[in-house]
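# Geometric and topological summary
Next come the chains, spelled out residue by residue.
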Amino acid sequence: MDQKIVLVTGAGSGIGRSVAHAFLKNGHAVALAGRRRDRLDETAELAGADGARALPVATDVGSPEAVDQLFAAVQERFGRLDVVFNNAGAGAPPVPIEELTWEQWKTVVDVNLHGVFLCTRAAVAMMKKQSPQGGRIINNGSISAYVPRPNSSPYTATKHAVTGLTRSTSLDGRAFNIACGQIDIGNAATDMTAGMVNGVLQPDGSKRAEPRFDVQHVADAVLYMANLPLDANVQFMTVMATTMPYIARG
């Protein structure tokens, strides 16, 4: 496909880094957003020569001012925006809900929900104005967008909300050639899921090791979604370790 201008949030590690590298490897220009500039710079450096097409922008996606600055930087550098991958995410300690603090709840909501809203709002405004009009927004949902893990109320609630935002954006974007879809990922092998090999709390109270799968498959899936023409859309896609506890979880 022709070169696209892509924005990836949470690009300093894990899924975000892998997806950013996939876009760069395929000849696209990528704005890298994340809290830590050093990790974004590392993402660009690890891409080798392709990293020259990367734009690292340190960003707190839960801050309206920071998101406005991010999109202004994209506009100034590239002049348009074709794809947004809303990937940045956060979790809270896996404790019973009565032990969860307001600060822990709010941190998750600010990143996982407010961040997706703020980036979607800015992307839609930019995509409506540009010529040719339109673009694609891909939200990173989760298996938790459908089925919760024990003691995960903040993460689960925000991921359910992301699904609603995906549907609304997909509907409201139709008239402006803006497509919106969601990828729901289960147990991709990143630093965040490394502890799964030692056991994860299950609904019956037991702790069991869970299988993981190569994060490159996630990057390939997001690239496929982005590669579609704007008159076609993957509305929802689930990519997961085949034998993880999801179908009939528990």
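See the structure shown above.
First things first, this report covers the structure right here in the doc. Predicted model only: the values in this text are computed from it and were never measured.

Counting secondary structure elements, the chain contains 6 helices and 11 strands. With the C-alpha coordinates of the chain rotated into their principal frame, the extents come out at 55 × 35 × 35 Å. Long-range contacts, defined here as pairs at least 24 residues apart, represent 70% of the contacts in the chain between residues at least 6 apart. If you sum the accessible surface of the chain, you get close to 11500 Å²; carbon and sulfur atoms cover 53% of it.

Take helix α3 (residues 64–78) next. Between its first and last C-alpha atoms α3 spans 21 Å; for 15 residues at 1.5 Å apiece the expected length is 21 Å, and the two agree. Taken as a whole, α3 has its buried residues at Ala 66, Val 67, Leu 70, Phe 71, Val 74 and Phe 78. Along the axis of α3, the buried positions cluster into a sector of 135 degrees, meaning they face one direction only. Facing away from the buried surface of α3 by more than 90 degrees, the exposed residues are Glu 65, Gln 69 and Glu 76.

The next subject is helix α5 (residues 153–173). The end-to-end C-alpha distance of α5 is 30 Å, a good match for the 30 Å that 21 residues give at a rise of 1.5 Å each. What α5 keeps buried is the set Pro 154, Thr 156, Thr 158, Lys 159, Val 162, Thr 163, Leu 165, Thr 166, Thr 169, Ser 170 and Gly 173. On its buried face, α5 is in contact with α4 (102–129), β5 (135–140), β6 (178–186) and β11 (236–240).

It is worth spelling out the nonpolar core at this point. The nonpolar side chains of a soluble globular protein tend to be buried, and buried together. Formed by 38 residues in total, the largest nonpolar core has its most connected members in Phe 23, Ile 183 and Val 218. Aside from chain neighbours lying at most four places away, what touches Phe 23 is Val 6, His 28, Val 30, Val 83, Val 222, Leu 223 and Ala 226. Listed in part, the 28 residues of the second largest apolar core include Ala 31, Val 61, Val 67 and Phe 71.

For the rest of this paragraph, the subject is the pattern of salt bridges. What the rule picks out here adds up to 10 salt bridges. Two residues, Arg 17 and Glu 42, come together in a salt bridge whose shortest N-O distance is 2.8 Å. Pair noted here: Arg 17 is in helix α1 (residues 14–25) and Glu 42 is in helix α2 (residues 37–46), with a separation of 25 residues, a long-range link. Each of Arg 17, Arg 39 and Glu 42 takes part in one network of salt bridges that share partners.

Let us look at the pairing of strand β2 (residues 29–34). Of all the 6 residues making up β2, 6 are buried; the element is thus mostly covered by neighbouring parts of the structure. Burial of the side chains of β2 extends over both faces: Ala 29, Ala 31 and Ala 33 are buried on one face and Val 30, Leu 32 and Gly 34 on the other. Pairing analysis gives 5 bridges linking strand β1 (residues 5–9) to β2, with the strands arranged parallel. Bridging across to β2, Ile 5 finds its partner in Ala 29.

Another aspect to go through is the packing of aromatic side chains. Under the criterion given, the structure shown has 0 aromatic pairs. Its guanidinium or amino end placed over the ring of Phe 176, Lys 128 lies 4.1 Å from that ring's centre, counting from NZ or CZ.

For the rest of this paragraph, the subject is the packing of α4 against α5. Across the interface, α4 lies against α5 with an axial gap of 8 Å and an inter-helix angle of 15 degrees. Taken as axis vectors, α4 and α5 run roughly parallel relative to one another. Pair α4 / α5 crosses with right-handed handedness. Along the contact surface, α4 presents Trp 105, Val 108, Val 109, Asn 112, Leu 113, Val 116, Phe 117, Thr 120 and Val 124, while α5 presents Ser 153, Pro 154, Tyr 155, Ala 157, Thr 158, Lys 159, Ala 161, Val 162, Leu 165 and Thr 169. Grouping the amino acids of the contact of α4 with α5 by side-chain chemistry returns 13 nonpolar, 5 polar and 1 charged.

Thresholds, definitions, all that
Residues numbered from 1 in each chain as written. Predicted model: local features only at pLDDT ≥ 70, side-chain atom pairs only at ≥ 80, totals over all residues. Heavy atoms only, no water. Helix = DSSP H or I, 4+ residues; strand = E, 2+ residues; numbered from the N terminus. Contact = heavy atoms within 4.5 Å. Areas by Shrake-Rupley, 256 points an atom, 1.4 Å probe, with all protein chains shown as cover. Expected span 1.5 Å × (residues − 1). Buried < 20%, exposed > 50% of the residue type's maximum accessible area, 1.4 Å probe, protein only. Arc of directions from axis to C-beta. Core = buried A, V, L, I, M, F, W, Y, C linked by side-chain atoms within 4.5 Å. Salt bridge = Lys/Arg side-chain N within 4 Å of Asp/Glu carboxyl O. Pairing = 2+ DSSP bridges. Phe/Tyr/Trp six-rings, centres within 6.5 Å; stacked < 30°, edge-to-face > 60°. Lys NZ or Arg CZ within 6 Å of the ring centre and 35° of its normal. Axes fitted to C-alpha atoms, helices over the stretch in contact; angles between N-to-C directions. Parallel < 35°, antiparallel > 145°, perpendicular 65-115°, else oblique. Left-handed = near helix turned anticlockwise from the far one by under 90°. Nonpolar A, V, L, I, M, F, W, Y, C, P; charged D, E, K, R; others polar.

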